[in-house]
Structure formats: C-alpha cells, structure tokens
Amino acid sequence: TDQQLEDHFEGRVANDQRIEPRDWMPDGYRKTLVRQISQHAHSEIIGMQPEGNWLTRAPSLRRKAILLAKVQDEAGHGLYLYSAAETLGADREDLTTKLISSRQKYSSIFNYPTLNFADIGVIGWLVDGAAICNQVPLCRSSYGPYARAMVRVCKEESFHQRQGYELLMTMMRGTAAQQEMVQEATNRWWWPSLMMFGPPDGDSPNTQQSMAWRIKRHTNDELRQKFVDMTVPQAEALGVTLPDPELVWNSESERHDFGTPDWDEFKNVLKGNGPCNAERVERRRRAHEDGQWVRDAAAAHAVKQAARQQT
Ligand code: FAQ
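Residues numbered from 1 in each chain as written. Predicted model: local features only at pLDDT ≥ 70, side-chain atom pairs only at ≥ 80, totals over all residues. Heavy atoms only, no water.

Draft legend 1. Seen up close, the overall build of the chain. Helix and strand counts for the chain come out as 13 helices and 2 strands. Taken against the 2.2 N^0.38 rule, which gives 19 Å for 311 residues, the C-alpha radius of gyration of the chain at 21 Å falls within 12% of a compact globule. Counting only C-alpha atoms, the chain reaches 70 × 50 × 35 Å along its principal axes. Going through the 311 residues of the chain one by one, you find that 47% of them count as buried. Taking the contacts inside the chain whose residues are at least 6 apart along the sequence as the reference set, 77% of them involve residues at least 24 apart. Of the roughly 15,900 Å² of accessible surface on the chain, a fraction of 53% belongs to carbon and sulfur atoms. Charged side chains in the chain number 38 positive and 42 negative. The centres of these two groups are separated by 7 Å. (Helix = DSSP H or I, 4+ residues; strand = E, 2+ residues; numbered from the N terminus. Rg over C-alpha atoms; globule rule 2.2 N^0.38 Å. Buried < 20%, exposed > 50% of the residue type's maximum accessible area, 1.4 Å probe, protein only. Contact = heavy atoms within 4.5 Å. Areas by Shrake-Rupley, 256 points an atom, 1.4 Å probe, with all protein chains shown as cover. Lys, Arg positive; Asp, Glu negative; His and termini not counted. Charge placed at Lys NZ, Arg CZ, Asp CG, Glu CD.)

Draft legend 2. Expanded view of the confidence of the model for the chain. Taken over all residues, the pLDDT of the chain has a mean of 97, while the share at 70 or more is 100%. If you check the scores for this complex, the pTM reads 0.97 and the ipTM reads 0.98. (pLDDT = per-residue confidence, 0-100.)

Draft legend 3. Molecular detail of helix H12 (residues 277–290). Between its first and last C-alpha, H12 extends 20 Å over 14 residues, near the 20 Å set by a 1.5 Å rise per residue. Within H12, the full set of buried residues consists of Asn277, Arg280, Val281, Arg284 and His288. Each buried residue of H12 lies within a common arc of 90 degrees when the element is viewed along its axis, so the set occupies one face. Exposed and facing more than 90 degrees away from the buried side of H12 are Ala278 and Asp290. (Expected span 1.5 Å × (residues − 1). Arc of directions from axis to C-beta.)

Draft legend 4. Representation of the nonpolar core within the structure. Counting residues in each nonpolar core, the largest one holds 72 residues, and the members touching the most others are Tyr29, Ile37, Trp125, Tyr143 and Trp189. Ignoring sequence-local partners within four residues, the contact set of Tyr29 consists of Phe9, Ile19, Ser142, Tyr143, Trp213 and Ile215. (Core = buried A, V, L, I, M, F, W, Y, C linked by side-chain atoms within 4.5 Å.)

Draft legend 5. Focus on the pattern of salt bridges. In the structure shown here, the tally under the stated rule is 18 salt bridges. The shortest N-O distance in the salt bridge between Asp16 and Arg217 comes to 3.3 Å. Here Arg217 lies in the loop between helix H9 (207–212) and helix H10 (220–238) and Asp16 lies in the loop between helix H1 (2–14) and helix H2 (27–46), a separation of 201 residues in the sequence. For Asp16, a relative accessible area of 48% translates into the label partly exposed. A residue is classified by how much of its surface remains accessible, and Arg217, at 18% relative accessible area, is buried. Of the charged contacts in the structure, one is a salt bridge between Arg148 and Glu20, with a shortest N-O distance of 2.9 Å. Taken together, the residues span a long stretch of sequence, with Arg148 in helix H7 (residues 144–172) and Glu20 in the loop between H1 and H2 at a distance of 128 residues. We classify Glu20 as partly exposed; its relative accessible area is 24%. Salt bridges here are not isolated pairs; linked through shared partners, they connect Glu51, Lys70, Glu74 and Asp128. (Salt bridge = Lys/Arg side-chain N within 4 Å of Asp/Glu carboxyl O.)

So this is what it looks like as structure tokens:
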C-alpha cells in the first residue's frame, strides 16, 4: 500500500540509505529535487558567462589556459546535474526552455558584472568558496545521483577556489594599483556571496522539509556562518578587508558576528532586476537558438545510424 511505500522510504532516509532513481519516492520529494538540481544546473551554465567575459582579455597565456579550463569544468558540472535531474523524469529541453523564459531560477550571484581581472580571482575565492561550503554537505544528500555528482563537482570546485586565491595572492604581491583592484573587487562580491546561501532560515520556505528528507544537510544560516568563519582568516592572509564594519570575533559563541545582507537587494535580483539578469538570460537564449542546427544534425545522425543497424 501507499503507506507501506512511504514508511519504507522514510526508513531508508532515516538510516542514511540512498534513494535511487527506480525507488518509490513521494511526489514532493521528486519535485523539490528537480527544482533544486535544475536550479543548480542552470547556475553552473549561466555561471560560465561572468568569467567567460574575461577569456579574451586574460593577462597571460597561463591565466587564459587556467580560466578556460575552469569555465569548461562549469559546463561539465551543468551537464552532470541535468543528467541527475533526468533520472527523476525531468526533460532537459523543458528545463532549458524554463530557464530561457525566466520560469526557473539560477543563483543570484551570476547577475553581477565582472568589471576587472581581479573579479576572476575573487569569484574563485569567494564564489567557489561559498559553492564548496554549500556543496560538500550535499555529497551526503539522500538522493544518490545528486550526491554522487557532488563528489566530483566538489573536487573540481576546490581547484577553482585555489586558482582564485593564488591569482589574488599574486596581485597582492604586485603594485598598489593591483592591490586596490583586489580590495575593490572584494568589496563588490562579499555581500552577494553571502546571499548565495539563500534567505535567512526564518524566510526559507523549503529548508525544513528538505532537511527532513535529508536533501539539505544544513540550514542556509548554518552554512553562511561556516563560510564567514572560514573566509575571515583567508582575508587576513591575503591582506584585504571584508567590507562589513559589524564583522567581529565573538569569543563566547566562538564564531564571527557579522552584519545583515541587504535582503531587499536579494529579492530584487531574484525577481529579475539585478544588474545583469536580462543580459545573462538573453545570451543563454541566443546560444540555445544558435545551437539548434547541432541538435538537429545529431538527431538526424542518430536516426540514420539506427536505420543502418536494422539492415
Ligand atoms: N539565488 O527555501 P529556500 C555554482 C530561491 S554555485 C537564486 O531557502 P532552498 C558554482 C530558492 O530556489 C551556485 N535563488 O530554497 C559556480 C527558492 O525558490 P523556489 C549554485 C535562490 O532550495 C561557481 C527560494 O529562493 N548552487 O554554481 C537563492 O531550500 C563559480 C526560497 O529559498 C546551488 O544551487 C539564490 N542565492 O535553498 C559556477 C547549490 N537562494 O525554487 C560558476 C544547491 C534561494 O522555491 C562559477 N542548492 N533561492 O522558487 C541549494 O543548496 C539550495 O537550493 C539553496 C536554496 C541553498 C540555494
């Protein structure tokens, strides 16, 4: 009966056993996974744009090769994640259509512009740093294909974070103008990076159920705190100041107290009104349309191959 199926599912989740594509699962569980995984996939794909913007202007061949590899990794992450969504019955074409018609979200962070090359370092340091902080626990997510995708994604994200930090270290050893670029980029990206973790727990409609299903293993605020605590010593080592006058070590709670992100700005970006929302979606829409002939050719080739095998 349905009750038995549900009990079996709940039991597996409670025992930290993975749910696999052919297992019975509640509709809500499937729906929330498709929502989170497709938003995550879209983020990886849209996330190629801010950095891709600097590929032709990287200051050396070495920096260009590193950046190119990173952007390609992000395409790969998007593809694993779309595949994970497909194991739940989602249709990739449908997901793309929803992205380019703004019916599905992607991470708020990718709606901010990359104004100079220090932004590339800061994205690696802060944005990939935040992504790792959020995604390492997702390697223990209850849905098997998602958790396994996260293992590989996290390994690559660690490399991305390191390349960003190394780039910034190099700039901080440079001229005063280069040091200023790093500080200025840090000032712009700090608060949006904190917003990547989602709304505060009290305003997060999905957290409680996703925690109960063990899709999410920590709340948004827990991970945001972890990120701040992890990043403060890195900023010190780098010699930059994080743009938050309220940021201070609290020896009682043994963590940092910090200021409140501008949640109105966050809501506004989610509504589509961030500095680059329209540009990002438009560029993705154009790339999809420009790629139609490739998909047509691949489909025609597959039909021909199948026919050949029959004769
Ligand atoms: N941006 O109830 P909650 C990367 C939405 S890393 C946009 O708290 P939930 C790597 C949320 O979807 C970035 N929307 O939701 C990279 C929901 O809307 P809905 C991607 C946001 O799901 C680095 C509503 O607000 N990482 O790409 C955001 O429990 C460098 C209410 O929120 C992931 O996606 C936001 N920041 O928690 C690539 C990680 N926050 O769907 C290139 C996986 C919330 O009800 C370069 N995802 N919303 O209409 C997660 O861990 C979760 O989905 C959260 C949100 C934590 C993001």
